[in-house]
Amino acid sequence: MSNSLVLLTPSQMAEADRLTISSGAVDGYGLMKRAGQTIVSELLRRYPHCNGFDVLCGPGNNGGDGYVVARLLVEMGVMVRLFAHGSPRPGSDAEKAVQDCPIGAQSLSQFSVLQGHAIVDAIYGAGLSRPLDDAVSRVAKECRNADVAVISVDLPTGVSGADGQVLGDAFAADLTITFFRLKPGHLLEPGRELCGETIVANIGIPDSVLGPIAPRNWINQPPLWRGDFPKPRRNQHKYSRGHATVFSGGAFSTGAARLAALGAARAGAGATTIYSPASAIAVNAAQLTSIMLAKVDTVDDLEEVISARAPDAFVLGPGFGLRRPIREFAISILQRGGGGTLVMDADAITAFRDEPAALFTAIKGSERAVVLTPHEGEFSRLFPDLIGKVRLERAGEAARVSGAVIVLKGPDTIIASPDGRIAINANGNPWLATAGSGDVLAGVIAGLAAQKMPLWEATCAGVWLHAEAATRFGPGLIADDLPGLLPPLLAELLEVDQLL
Ligand SMILES: NC(=O)C1=CN([C@@H]2O[C@H](COP(=O)(O)OP(=O)(O)OC[C@H]3O[C@@H](n4cnc5c(N)ncnc54)[C@H](O)[C@@H]3O)[C@@H](O)[C@H]2O)[C@@H](O)CC1
Ligand SMILES: [K+]
């Protein structure tokens, strides 16, 4: 699993600093000087024409980075105005940085925006622990409302590195420079938006510190799961490649199932079948070519089709409707042995709002693995106890409570495994906010799971592929386009030139 995709919480980052310092490789002030040096290089490269920099320093090490930046800029003859909020603890690295800084600081309360100056925000970073006080909020607001470039050190002051939430108020940066690894707050909204462009600087912390830290959060990018991505083999037949199935809604709502089925088939399932109620068979039949069709109205019908040809994956929920026996279908699939995966989306999630515990018990007692793909509304129906917690915590807790892989959908989709691993998706885009796109996603995940890709990895891959397809298509995307956009992405992932 790729080391470069690791996300570190602020406390894990503090541990990375501590391990680096205790290894003797570099001391704390040395790390701070390297951080300051990197920031200054970026400032000079990106803002060569500004009249000067206003460096705003807090009382901790984030402020310490700011004092190093101010010193280096002054030494280069650049105009600097320095503003301090609180003073560093005696004996701290930040205090050393103050002592080495050739210019004095005014109080932050004296600050007002000066046209032509860029702002270096070094008030709080990883140590932010409570809402900003009025003095800092006022400056954050003034900078947000002014036409001025803001460069934030580590994180925009006010944004929590742990979860991207705003504590009281926050700066909105054009550029955020963080160190060693991204933090969840750089990817989770609203933090991501407030960071502007984010870059990760190497300040000499060795990758070896990640061993003892054992991180559990990652950015969702192909190196996270490429090694598990299903590779077709010459000796496979269609069923051994993986059989995915999708439950259709009634005659007036069959499209969602077809979108999911096409998603599964394009993701590489060798065979895909739609289980349709008798009332919708004619509508489905008229629209399907390579996708197979079977009649399923009752739990008995379901048992029969499963016995005839045990599927590797099921998609239940999209367009299904709540008046038909959706809970019974879910429970029947879970209680029947046979392995494989059940992807539950939309109505399949909502159907259990009055008895979520019954679903979780069935999932935990089942031989099958489950993925739940709720958006926020569906999530709160199934996990009302978790309302009020931040998204990252909610997704992780929901996975533990339910025993399912959770895809908490949004601009920053989170994929949480019951074993505690979490990936945050970073390639989401506005084009995906279109009817039916979630149905395709459920199908793609089922298609990958049907090929025996490990489930959390399959889910991460599905979320990434789905978003990447939309990004490459851009404006005008409708969900019908998505399955057809997958082949070139698969070709890249599989490096087909080398495969055959
Ligand atoms: N050796 C290290 O640990 C390194 C740390 N670095 C910098 O150090 C930063 C973390 O430093 P710190 O842990 O000192 O934390 P911060 O500098 O972010 O915060 C300082 C302290 O302010 C107080 N505080 C937090 N929120 C507050 C609020 N809203 N109002 C008033 N006071 C508040 C807390 O007691 C906190 O410890 C990173 O963001 C990074 O910029 C870098 O210099 C690289 C090396
Ligand atoms: K900051």
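What counts, and at which threshold
Residues numbered from 1 in each chain as written. Chains lettered and ligands numbered in written order. Predicted model: local features only at pLDDT ≥ 70, side-chain atom pairs only at ≥ 80, totals over all residues. Helix = DSSP H or I, 4+ residues; strand = E, 2+ residues; numbered from the N terminus. Rg over C-alpha atoms; globule rule 2.2 N^0.38 Å. Buried ≥ 20, exposed ≤ 12 C-beta atoms within 10 Å, placed from the backbone. Contact = placed C-beta atoms within 7 Å. Near = placed C-beta within 6 Å. Nonpolar A, V, L, I, M, F, W, Y, C, P; charged D, E, K, R; others polar. Pairing = 2+ DSSP bridges. Axes fitted to C-alpha atoms, helices over the stretch in contact; angles between N-to-C directions. Domains from an automatic or database assignment. pLDDT = per-residue confidence, 0-100.

Enquirer: What is the right way to read the overall build of the protein chain from this model?
Expert: A tally of regular secondary structure across the protein chain gives 21 helices and 18 strands. Relative to the 2.2 N^0.38 estimate, which gives 23 Å for 500 residues, the radius of gyration of the protein chain is 26 Å and therefore close to what a compact globule would have. Over its C-alpha atoms, taken along the principal directions, the protein chain stretches across nearly 80 × 50 × 40 Å. When burial is assessed residue by residue, the protein chain has 51% of its 500 residues classed as buried. Contacts in the protein chain between residues at least 24 apart in sequence constitute 73% of all its contacts with a sequence separation of at least 6.

Enquirer: It is not clear to me how the site of ligand 1 should be interpreted in this structure. Could you clarify?
Expert: In the vicinity of ligand 1 there are 27 residues, among which Gly60, Asn61, Asn62, Gly125 and Gly127 approach most closely. Secondary structure elements with two or more residues in the shell around ligand 1: α2 (28-46) and α3 (61-75). Among the elements that line the shell around ligand 1, the one with the most residues is α3, at five residues. For the shell around ligand 1, a count of residues per class yields twelve nonpolar, ten polar and five charged.

Enquirer: Is there a simple way to think about the sheet that holds strand β4 (residues 106-107) in this case?
Expert: In sheet architecture, strand pairing relies on hydrogen bonds along the backbone and comes in two forms, parallel and antiparallel. Strand order across the open sheet formed by seven strands is β4-β3-β2-β5-β6-β7-β8, with parallel pairing between neighbours. The sheet is open, and its two borders are formed by β4 and β8 (197-201), each paired with just one other strand. Across six bridges, strand β2 (residues 52-57) lies against strand β5 (residues 117-122) in parallel orientation. From the neighbouring strand, glycine 52 faces β5, where its bridge partner is histidine 117. Of the strands in this sheet, β2, β6 (150-153), β7 (175-179) and β8 touch α2, which is tilted by about 155 degrees from β7. Each of β2, β3 (80-84), β5 and β6 touches α3; the most contacted strand, β2, lies at about 155 degrees to it.

Enquirer: Would you explain the domain arrangement of the protein chain in this entry?
Expert: When its domains are assigned, the protein chain resolves into domain 1 (3-215) and domain 2 (222-493). Across the contact, nine residues belong to domain 1 and nine residues belong to domain 2. Looking at the side of domain 1 that touches domain 2 residue by residue, the classes come out as five nonpolar, one polar and three charged.

Enquirer: How should the confidence of the model for the protein chain be read in this particular structure?
Expert: In low-pLDDT regions, the fine details of the predicted coordinates are not to be read closely. Per-residue confidence for the protein chain averages 96 on the pLDDT scale, and 99% of its residues sit at or above 70. Across the interfaces of the predicted complex, the ipTM metric reaches 0.97, alongside a pTM of 0.95.

Enquirer: Sorry, what's going on with the sheet that holds strand β9 (residues 217-220) here?
Expert: Read across the sheet, eleven strands follow the order β1-β9-β18-β17-β16-β15-β14-β13-β10-β11-β12 without closing on themselves; strand pairing throughout is mixed. The outermost strands of the open sheet, each flanked by one partner alone, are β1 (6-7) and β12 (292-295). Taken together, the five bridges between strand β10 (residues 243-247) and strand β11 (residues 271-276) define a ladder with parallel strand orientation. When the bridges of β11 are listed, alanine 244 appears paired with threonine 272.

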